[in-house]
Amino acid sequence: MIPNFTQAEKAVHYPEDRRAYLGLKPYMKIILLILLVGTVGAAWIQYLVFGLPIDPSKSFLWVKSDEPSGFPIWISLAHWINFFFLMLIIRSGLSILFDHPRLYWNNNSKPEEQWIRFTPLKIPKNKFWTAKEDARYLSPIIGLPGYKHTVGIARVWHFLTVPFFVLNGCFFVFLLFYTNQWQRLVPQSWQIIPDAWNVFVHYATFNFPVEPDGFYHYNAVQQLAYFGVIFILAPLAMLTGLAMSPAIDNRFHWYPRLFGNRQSARSIHFLVMFAFVAFIIIHVSLVAATGLVRNMNHIVMGSNDTESKTGLFLGIAIILFTIAFAFLAHWLSWNKQRSLQKLQASTNGKIWKYTINRFKAQADYKKKDITSYFWLNGKLPDSPKWKEMVDNNFADYKLKIGGLVENPVELSVEELKEMGKEQNITMHHCIQGWSGIAEWGGLPLSKIIELVKPDASVTTVAFCSFGEGLYGGIYYDTHTIDNCMKPDSILAWEMNYEPLSLEHGAPLRLRVENQLGYKMVKWIERIEFVTSAKDLGKGFGGKNEDDEYFDLMADS
Ligand SMILES: Nc1nc2c(c(=O)[nH]1)N[C@H]1C(S)=C(S)[C@@H](COP(=O)(O)O)O[C@H]1N2
Ligand SMILES: [Mo]
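Residues numbered from 1 in each chain as written. Chains lettered and ligands numbered in written order. Predicted model: local features only at pLDDT ≥ 70, side-chain atom pairs only at ≥ 80, totals over all residues. Heavy atoms only, no water.

**Student:** Quick one: what's the story with the overall build of the protein, residue by residue and with numbers?
**Tutor:** Summing up its helical and strand segments, the protein has 18 helices and 13 strands in all. Principal-axis analysis of the C-alpha atoms places the extent of the protein at approximately 85 × 45 × 45 Å. Per-residue burial for the protein yields a buried fraction of 51% across its 556 residues. By sequence separation, contacts in the protein at least 24 residues apart represent 74% of the contacts at least 6 residues apart. Of the roughly 26,200 Å² of accessible surface on the protein, 65% is carried by carbon and sulfur atoms. (Helix = DSSP H or I, 4+ residues; strand = E, 2+ residues; numbered from the N terminus. Buried < 20%, exposed > 50% of the residue type's maximum accessible area, 1.4 Å probe, protein only. Contact = heavy atoms within 4.5 Å. Areas by Shrake-Rupley, 256 points an atom, 1.4 Å probe, with all protein chains shown as cover.)

Given below as C-alpha cells:
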C-alpha cells in the first residue's frame, strides 16, 4: 500500500516510529467501568436473582393494519448511500484526528490535561516541540489517506463527503415523516424504556430474545438504537463539527459553548464517531446472526423473501464496491492531490466564501480565559539575517511593505507602534485540531492598508516569513484584502501582554481571527499586495496550500 515515496517524503509520511497507542486518563477508565458494570452487571444480577424478564417482543408478533410494513426503495437507497459516505467520513475523520492525536474537555489543549491520547509520546521538556511533530502515523487501511501529516487531503475527503451524508439524511428523514415509516423508528410511548431494558437483559445474558420480523417490527432495543443513530448521533455529529470552525466560533461565541467549549465539541465529535462504529459492528453482527438471507432481502430488495440469495449477493456487491472505492480514494490521495484540493475549493470552498468567510470575528474572551498552554507550530527561522536580528533585539528590523501600492514603505517595529495599537483576546484554531486563547497586541492591518494605498486591482495580501516550510522554501500565506480589513486582523508584536517570543513569531506575526492557524504567518519579513495569489510560490495561496494541499480559497 505504500506509494512511491521519495526518501524525504518517507521520512515524513512513513516515519520509523509508527507505534499505535491508546492512553486513557484513569478517571475515564473508571467512568467506562461504571457504565459497563452498571448495565451489563445489573442485567446479570437481575437475571441471576429474579430470572429472565418477559420478552416484550412476544406481544407484537402480529401486525396491526395501520403500521408500516416492508421497506420502500428509498429506504434501501438511503441506507446504502449512507453506509458508503459514512465509511469515507469516519476514515478521513480518523486521519484528521491523528494529526493532533489528543482530546480534551477544556480550551487549554494542554497535553497533560487530555482525557485520551493516541500517541505514546510525552511532550519533551526544554525542547521546541511542535504540534506538527506530535502528529501520529495511521495505517491507510484505517484512515483516509492515512500515514502522517496529511490533514489537507483528509479534510478534502471529509468535507467532500459530508454534504452527501447530510443531504441523504435530510431526504431520508423527510420521507420518513411524509410516509408512515417513522412509526417503526420513533417511540410513541414511554413503555419503550422498560421494554428496551428487558430486551437488553436478554442480550446481555446471552438469552437471545425472540426475533420479531423486522419487515414489520423492531424489538425495543433495536428501535431505540436506530432512533438514536438517526435522530441523536447524526445531528450531534453535524452540530459539533460546525463548532470547530474558527469563523463560526469567533463570530458566535455562544455556539461552541452549547457543547461546553470548542475542545469538548471536538471530543463529542469523536465520541459520536465511536458510537457510530460501535453501532455498525453490533448492527452488522446481529444482521448476520438473526437470519442473514432474509435480513439482506429486507434492506436490499425490500422483500420478505427467506430463500432467495439476491439480497445477500447484492449487499455483498455494495460492500465490495465500497472497499474498491477505498482503494481508488487511496490512490487519488497520493497521486492526484492537486485535483482533489481543487475539487474541494470549487465546491465547499465556494460555499464557505459566500457564507462563513463573511463573518466578522469578534473578540469576546476575558483575561481569565487565556489558556496556560499554547502549542507551537512552524520551523524557527534558520536564516542568518533573522538570527543576527535576534542578537540585537530586532533593532535593525524593517518590515517591507510593497507590491501594487502607491506608497511602498519600510517600517521598524517602533514606527509601527506609533501608528496605533489594538489588543484582542481571541481563540486560535489550528487546522490540526488544537486551540488556545491568548491576548494579542499589534497594529490593525487596516492602518497599513490606509498608509500604503493599494491599487484598485489588489485582491490579495501576501505575508512572507523569515522561516521555511516543512519541505523547505519560504513560508508564506495570503489573505483577501476584505479579511485584512476586518477589525481583529492585526500585525502582532505582543502576546499575553509580553513582547512576542521568538517561538511565537518575533518580531511580528499575523492574526486574522476568522481563519485557521496556518494562515497566521509568524516571523514576518515582508508584506506584498498582489492582484492574485497565483504569482506567488506554486500559486495556491500559501506554503501549506502549495505543499500540503490545505484548503484553497475558492476562485470567484
Ligand atoms: N512562518 C511560519 N508561520 C506559521 C507556521 C509556520 O510553519 N511557519 N505555522 C502556522 C501554524 S500551522 C499555526 S497553528 C500557527 C501556530 O502559532 P503558534 O506557534 O504561535 O502557536 O502558526 C502559523 N504560522
Ligand atoms: Mo496549524
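**Student:** Any chance you could break down the pairing of strand β6 (residues 422-429) for me, citing the residues and the numbers?
**Tutor:** Sheet faces and side chains relate simply in a regular strand, where the side chains alternate between the two faces. Burial of β6 is extensive: six of the eight residues sit out of reach of the surface. Here β6 runs beside strand β7 (residues 435-444); their pairing, made up of eight bridges, is antiparallel. Directly across from Q423, in β7, lies its bridge partner G441. Hairpin connection from β6 to β7: five residues lie between these consecutive antiparallel strands, with G433 at a positive phi of about 130°. (Pairing = 2+ DSSP bridges.)

**Student:** Before we move on, can you summarise the domain arrangement of the protein with the specific residues and values?
**Tutor:** We note that the domain assignment places domain 1 (7-100 + 135-356) and domain 2 (363-548) within the protein. On a C-alpha basis, the centroid separation for the pair domain 1 and domain 2 is 41 Å. For the pair domain 1 and domain 2, the summed buried surface comes to about 2,000 Å²; carbon and sulfur atoms form 51% of the total. Taken together, domain 1 and domain 2 are joined by one salt bridge. We note a salt bridge from D364 to R257, for which the minimum N-O separation is 3.5 Å. One can count 11 residue pairs in polar contact (both at pLDDT 80 or more) joining domain 1 with domain 2. Elements that contribute at least two residues to the side of domain 1 that touches domain 2 include exactly α1 (7-13), α5 (151-178), α8 (246-249), α10 (262-289) and α13 (337-354). By residue class, the composition of the side of domain 1 that touches domain 2 is seven nonpolar, nine polar and eight charged. (Domains from an automatic or database assignment. Buried area = accessible area lost by both parts, 1.4 Å probe. Salt bridge = Lys/Arg side-chain N within 4 Å of Asp/Glu carboxyl O. Polar contact = N/O pair within 3.5 Å; in protein donor to acceptor, adjacent residues only side chain to side chain. Nonpolar A, V, L, I, M, F, W, Y, C, P; charged D, E, K, R; others polar.)

**Student:** Tell me what's going on with the UniProt feature "domain: Cytochrome b561 bacterial/Ni-hydrogenase" (unreviewed entry) in the protein, and back it up with residues and numbers.
**Tutor:** In this structure's numbering, the residues bearing the UniProt feature "domain: Cytochrome b561 bacterial/Ni-hydrogenase" (unreviewed entry) are residues 71-293. Taken end to end, residues 71-293 is 59% helix and 2% strand, and its first and last C-alpha atoms sit 16 Å apart. (UniProt positions renumbered as here; feature names shortened; annotations may be inferred.)

**Student:** I'd like a rundown of the side chain of N198, residues and numbers included.
**Tutor:** With respect to the helices and strands, N198 occurs in helix α6 (residues 192-204). With a relative accessible area of 19%, N198 lands in the buried category. Every residue in contact with N198, bar those within four places of it in the chain, is listed here: Q46, P53, I54 and P56.

**Student:** I'd like to hear about the nonpolar core, residue by residue, with values.
**Tutor:** Counting residues in each nonpolar core, the largest one holds 54 residues, and the members touching the most others are L399, I401, F463, L491, I524, I527 and F529. The leading source of residues in this core is strand β10 (residues 490-495), at five residues. When residues of this core are assigned to domains, at least three map to each of domain 1 (7-100 + 135-356) and domain 2 (363-548). If we skip the residues at most four places from it in the chain, F463 touches L445, Y475, Y476, D477, H479, C484, L510, V521, I524, R526 and I527. Residues Y226, V229, A237 and I299 belong to the second largest nonpolar core, which totals 50 residues. (Core = buried A, V, L, I, M, F, W, Y, C linked by side-chain atoms within 4.5 Å.)

**Student:** Explain unusual backbone geometry to me, using residue names and the numbers behind them.
**Tutor:** Excluding glycine, residues mostly carry a negative phi; peptide bonds, for their part, are mostly trans. In the segment running from L144 into P145, the intervening peptide bond is cis, with an omega of 5°. By the element assignment, P145 lies in the loop between α4 (131-134) and α5. For the bond running from A506 to P507, omega is 5°, close enough to zero to count as cis. On the secondary structure map, P507 appears in the loop between β11 (498-499) and β12 (509-511). The backbone of H149 shows a phi angle near 60°, a positive value even though the residue is not glycine. Structurally, H149 is set in the loop between α4 and α5. Note on H149: relative accessible area 10%, which makes it buried. Even without glycine at this site, F206 takes up a positive phi of about 60°. Within the element layout of this structure, F206 appears in the loop between α6 and α7 (220-242). Classification of F206 as exposed rests on a relative accessible area of 62%.

**Student:** How would you sum up the sheet that holds strand β5 (residues 409-411)? Please name residues and give values.
**Tutor:** The strand order β5-β4-β13-β8-β9 describes an open sheet built from five strands, whose pairing is mixed. What marks the edges here is a single partner per strand, and that holds for β5 and β9 (474-480). In this sheet, adjacent strand axes meet at a mean angle of 20° when their direction is disregarded. Sheet analysis places strand β8 (residues 460-468) next to strand β13 (residues 524-530), joined by six bridges and oriented antiparallel. (Axes fitted to C-alpha atoms, helices over the stretch in contact; angles between N-to-C directions.)

**Student:** Describe the site of ligand 1, with residues and values.
**Tutor:** By nearness alone, 18 residues border ligand 1, and W375, H504, R509, M520 and K522 come closest of all. Between ligand 1 and W375, the relevant distance is 2.5 Å, taken from an oxygen atom to a main-chain nitrogen or oxygen of the residue. Between an oxygen atom of ligand 1 and a side-chain N or O atom of K522, the distance comes to 2.4 Å. Bound to the protein, ligand 1 loses 97% of the 530 Å² it would expose on its own. (Near = heavy atom within 4 Å.)

**Student:** Quick rundown of the sheet that holds strand β2 (residues 102-103)? Include the residues and the values.
**Tutor:** Spatially, the three strands line up as an open sheet ordered β1-β3-β2, and their pairing is antiparallel. Each edge of the open sheet is held by one strand with a lone partner, namely β1 (23-24) and β2. For β2 and strand β3 (residues 116-117), the ladder comprises two bridges, and the chain directions are antiparallel. Looking across to β3, one finds that L103 is bridged to I116.

**Student:** Can you explain the packing of helix α3 (residues 73-97) against helix α11 (residues 292-301)? Please cite residues and give values.
**Tutor:** Their axes nearest at 7 Å, the elements α3 and α11 cross at an angle of 100°. One element, α3, and the other, α11, form an angle in the roughly perpendicular class. Where α3 approaches α11, its residues I75, S76, H79 and W80 are matched on the opposing element by M296, H298, I299 and V300. (Parallel < 35°, antiparallel > 145°, perpendicular 65-115°, else oblique.)

**Student:** I'd love a proper account of the packing of aromatic side chains, names of residues and values included.
**Tutor:** The full count for this structure, using the stated rule, is 40 aromatic pairs. Here W44 and Y47 contribute two aromatic rings whose centre-to-centre distance is 5.6 Å and whose plane-to-plane angle is 70°, an arrangement assigned as edge-to-face. Of this pair, W44 and Y47 both sit in helix α2 (residues 26-50), separated by three residues, roughly a single helical turn. Taking the relative accessible area as the measure of exposure, Y47 reaches 25% and is therefore partly exposed. Taking 5.1 Å as the distance between ring centres and 65° as the angle between the ring planes, the aromatic pair formed by F84 and F325 counts as edge-to-face. On the criterion of sequence distance, the pair formed by F84 in helix α3 and F325 in helix α12 (residues 310-335) is long-range, its members being 241 residues apart. The class for F84 is buried, based on a relative accessible area of 13%. (Phe/Tyr/Trp six-rings, centres within 6.5 Å; stacked < 30°, edge-to-face > 60°.)

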